[in-house]
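# Inside the fold
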Amino acid sequence: MPEAILEKNLESISGKEGKYLTFSLVGQEYGLEIVKVKEIIGVMEVTPVPQTPKYVEGVINLRGKIIPVINLRVKFGLEFQEYTERTCIIVVEIMGNSGSIFMGIVVDSVSEVLNIGLEELEETPNFGIKVDTEYIMGMAKTKDRVIILLAIDQVLNSEAMVLIESMSLKEGGKEDGEE
Amino acid sequence: MLEDAELILEFCDEAKEHLDSMDMALLALEGSPEDKETINAVFRPIHTIKGVAGFFNLNAIGQLTHVAEDILVKARDQGVRLRSVIIDILFEVIDVLRKLIEDVRAQVPEGNLCQEVTPEIEQLINRLKLASMDDETKKLGEIMVEQGSVTEEDIEEALEKQEKEKQKIGEVLIKSGKVSTKDVAKAIREQKTQSKDTRKLKPDEGIRVSVEKLDKLVDMVGELVIAQLQVASSDIEDSKLGKNITQLSKITRELQNLTMAMHMLPIRPLFQRMERLVRDLSRKSNKVVKVTVKGEETELDKRVIDSLGDPLVHMLRNAVDHGLEDAQGRQNAGKAEAGNIYLEARHEAGNIVIEVSDDGKGLPIKKICEKALQRGLITNDKEYPREEIINLIFHPGFSTAEKITDISGRGVGMDVVKKKIDSLRGVVTVDSTEGEGTRFNIRLPLTMAIIDGMLVQIGQERYIIPTHSIEESLKPVKEQIITCHNRGKVMRLRDSIIPLIYLNHLLGGSPLEEEKIESEGLVIVVRDGVNRAGFFVDNLIGQQQVVIKSLGEAFKGLMGISGGAILADGRVGLILDAHGLFEYYSLYYKKDNSQCILKSKK
């Protein structure tokens, strides 16, 4: 029996070793697969887009392309913080319904690029049925800290970014305060 | 079963496709009968069909295609003009071939293919042969008669001789001593100039470029324009640099116009398709319809042309089916028997205008009123301008849900037309006089990539309102603004009353005091073809041309925002869409008329 568990463990973490860009949000370190990261830019003025949930900051002009910007703090239900000089926008490329799309995510600060090996990886712990862990790809334990590896496609795709539909269909105000 | 059954069935399928492509090519040929490439496009499928038909011993098909092929070869290699008579017959040939091929398909299971050349087919073949023989350019003989060098009798005599001796008529005449060589030469010269006149100018030579590449080019030029604007809007003290930048601006603008022009195609093929459609429709409904087309050379963005087909089909179908009366009806109304449909394209004030009109019975305004009352679109207690009533036919669901077609005859899919035109950022209006006809007016922007917009300040943000939907802007006085209980505010604008929309609230900006907006803000009167409303904005910044950019997949479904544009300072400004905003506004008010459901950020 223990072997079976071990095997399953390996299966779920294999393929996840590699380079990760780490960043911090309210003191916690998170990791993003480096292949998804296109570039890191400083904070620039964002044009807010109406009819979107609070975590959608708006859109920016990335060299002629208009891309959405998401505030990860708000998205994860953490307390909002005014931008500091360390605040960054990480531009990631995720798969949309029709090809890849670029999105910017606002994080407190970018830390480093880490090489995470199999031995440091851990399966996402089971928090019990009530906690949804689909945003989490896995955990990495290094000497002194634990890094949460984000499944960024899930984070950014899991919810429609426009509130209209839920508004017109359900006529209620329940969805509006989704944070 | 036949041994070749499978092969023959395959042939039938292929032939069907070939005939469809011929249909298209033939239509194109109608517009440019001397274009070799187009002739070839008709020729190739017919040649293929002929080959296979011969292989299977399908006589009728074989003969018919053979004659048609002959004509096309003549047109291609000898420059025989494909006149509309010939093209008409070729259309008939296609229809007959379709039928023949269906027959063949039906006969395959029975096991015997018998194809007789029926008298009708024979007649068709003869007509085709005949039509191809007489050339439209005037006969040499006729010209000489006109010039007075010979008499008609002389010509007839010479013609007989010509048949026998297989000589050219000129030679016969000279030989018989009736005319001098000089006269003949003169006549030939005349004939040549005439035939030159009938030939249209050859189109520019061109190369094929994929749309994708073209789009990229347009994108890049768009970027260039932005970059150039950014440079130009910065403070320049160096006068030499300033001059150079002005020069750069000129070049960029030129370049932009040029790239835009590359997307443009004449509307001709589309109009031709429509002519064919009306031709078929009129036959089906047993009405005599004359189509008059104007301005086919008007150039439009290819994407616009592509999506204009559906709306035009709807409008024309309506015009033929319901707009035009039948022969009896027209007689009673004292009109000529043939109904008229006009299709016109033209440039007007930076827009493309397409008009579809007919001289039929017009829209039944009374019935539209009744229907609108029933559906609560209008109320009894108010007088509505006629125009407003007529344009109700574009109201979504107005036609389809209540089956207004059964009662009044008009309005099938008009909301579809409206939607399509909206998506092209155009405006469609209709005008109609009962008993005299109906006129649809479609106003489209010249290009899809760039719009003229009014940059406005709303709260913290700047938005762009497309100029084409703006009627006017004004500073309202207090007395003009009226509060309706629970229904928001309205504004009196001369003799009409329009809803007032506080864009700042609607777009989720910081909810400023309405009073403050009212005293300091401006109202922009906006219309989307059907509705009119006043938008309260803080300030007008100025008019600007912007390149429209999509906000991408993530923001699909936003109402009232059609895209974004990069402003001179590099930031993104959202482009507002009047129609969507109206819809959003009503949704917003339905849901909760006091509380702003939108986030107010920070």
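Residues numbered from 1 in each chain as written. Chains lettered and ligands numbered in written order. Predicted model: local features only at pLDDT ≥ 70, side-chain atom pairs only at ≥ 80, totals over all residues.

This paragraph deals with the overall build of chain B. Along its length, chain B carries 21 helices and 18 strands. By sequence separation, contacts in chain B at least 24 residues apart represent 66% of the contacts at least 6 residues apart. (Helix = DSSP H or I, 4+ residues; strand = E, 2+ residues; numbered from the N terminus. Contact = placed C-beta atoms within 7 Å.)

This brings us to the sheet that holds strand 5 (residues 65-71) of chain A. All names here are of chain A. One open sheet holds the 5 strands; their spatial order is 3-6-7-5-4, and the pairing between them is mixed. Since the sheet does not close on itself, it has two edges, and those belong to strand 3 (37-42) and strand 4 (56-62), each with one partner. Along the sheet, successive strands turn relative to each other by an average axial angle of 35°, direction set aside. Judged from the 3 bridges that link them, strand 5 and strand 7 (residues 99-107) form a sheet pairing that is parallel. Within strand 7, the residue paired with Ile 70 across the bridge is Ile 105. (Pairing = 2+ DSSP bridges. Axes fitted to C-alpha atoms, helices over the stretch in contact; angles between N-to-C directions.)

Take the packing of helix 1 (residues 5-31) of chain B against helix 4 (residues 84-110) of chain B next. Helix-helix packing is characterised by the crossing angle of the two axes and by the distance between the axes. Residues and elements named next belong to chain B. Helix 4 packs onto helix 1 with a crossing angle of 165° between their chain directions and a minimal axis gap of 10 Å. It follows that helix 1 is roughly antiparallel to helix 4 by the angle criterion. For helix 1 against helix 4, the interelement crossing comes out left-handed. Residues Ala 5, Ile 8, Leu 9, Cys 12, Ala 15, Lys 16, Leu 19, Met 22, Asp 23, Leu 26, Leu 29 and Glu 30 of helix 1 lie in contact with helix 4, whose contacting residues are Ser 84, Ile 87, Leu 90, Phe 91, Ile 94, Leu 97, Arg 98, Ile 101, Val 104, Arg 105 and Val 108. (Parallel < 35°, antiparallel > 145°, perpendicular 65-115°, else oblique. Left-handed = near helix turned anticlockwise from the far one by under 90°.)

To continue, consider the sheet that holds strand 5 (residues 351-358) of chain B. Residues and elements named next belong to chain B. Read across the open sheet, the 5 strands follow the order 2-4-5-7-6; overall the sheet is mixed. One side of each edge strand has no neighbouring strand; the edge strands of this open sheet are strand 2 (289-294) and strand 6 (427-433). Mean inter-strand twist for the sheet, computed between neighbouring axes without regard to direction, equals 15°. Bridge analysis of strand 2 against strand 4 (residues 339-348) gives 6 bridges, and the strand direction is parallel. Its bridge partner lying in strand 4, Val 293 is registered against Leu 343.

With that out of the way, let us pick up the pairing of strand 2 (residues 28-33) of chain A. Residues and elements named next belong to chain A. Sheet topology places strand 1 (residues 18-25) next to strand 2; 6 bridges connect them, and they run antiparallel. Within the sheet, the bridge partner assigned to Leu 21 lies in strand 2 and is Leu 32. Two successive antiparallel strands, strand 1 and strand 2, enclose a turn made up of 2 residues, where Val 26 displays a positive phi of approximately 45°.

Residues and elements named next belong to chain B. Given a rise of 1.5 Å per residue, 17 residues ought to cover 24 Å, and the 24 Å separating the end C-alpha atoms of helix 12 (residues 268-284) matches this to within 8%. Looking only at helix 12, the buried set comprises Arg 268, Leu 270, Phe 271, Gln 272, Met 274, Glu 275, Val 278 and Ser 282. For helix 12, the elements touching its buried residues are helix 1, strand 1 (264-266), strand 2, helix 13 (302-323) and strand 4. (Expected span 1.5 Å × (residues − 1). Buried ≥ 20, exposed ≤ 12 C-beta atoms within 10 Å, placed from the backbone.)

Right, let's get into the confidence of the model for chain B. All names here are of chain B. On average, residues of chain B score 77 in pLDDT, and 84% of them are at 70 or above. Mean pLDDT values over the elements of chain B span from 38, in helix 17 (residues 404-407), up to 92, in strand 18 (residues 572-576). Low confidence marks residues 196-202, where pLDDT is under 50. Its contacts with residues over four positions away, or in another chain, come to 4 contacts. Per the prediction output, this complex has pTM 0.54; the corresponding ipTM is 0.79. (pLDDT = per-residue confidence, 0-100.)

All names here are of chain B. Structurally, His 18 is set in helix 1. It is 9.1 Å that separates the C-alpha atoms of His 18 and Val 42, two residues lying 24 residues apart in sequence. Beyond its immediate sequence surroundings of up to four residues, His 18 is in contact with Pro 45, Thr 48 and Ile 49.

For the rest of this paragraph, the subject is the confidence of the model for chain A. Segments scoring low in pLDDT should not have their predicted coordinates read at a detailed level. In this model, chain A carries a mean pLDDT of 79, and residues with pLDDT of at least 70 account for 77%. With pLDDT under 50 throughout, residues 165-179 of chain A is counted as low confidence; its partners more than four residues away or in other chains account for 16 contacts.

What follows is about the packing of helix 2 (residues 36-55) of chain B against helix 3 (residues 59-78) of chain B. All names here are of chain B. Packing of helix 2 against helix 3 leaves a shortest axis separation of 9 Å and a crossing angle of 155°. Taken together, the axes of helix 2 and helix 3 are roughly antiparallel relative to one another. As helix 2 runs across helix 3, the sense of the crossing is left-handed. Within the contact between the two elements, helix 2 uses Lys 36, Ile 39, Asn 40, Val 42, Phe 43, Ile 46, His 47, Ile 49, Lys 50, Ala 53 and Gly 54 and helix 3 uses Ile 61, Gly 62, Thr 65, His 66, Ala 68, Glu 69, Leu 72, Ala 75 and Arg 76. A class-by-class count of the residues in the contact of helix 2 with helix 3 yields 10 nonpolar, 6 polar and 4 charged. (Nonpolar A, V, L, I, M, F, W, Y, C, P; charged D, E, K, R; others polar.)

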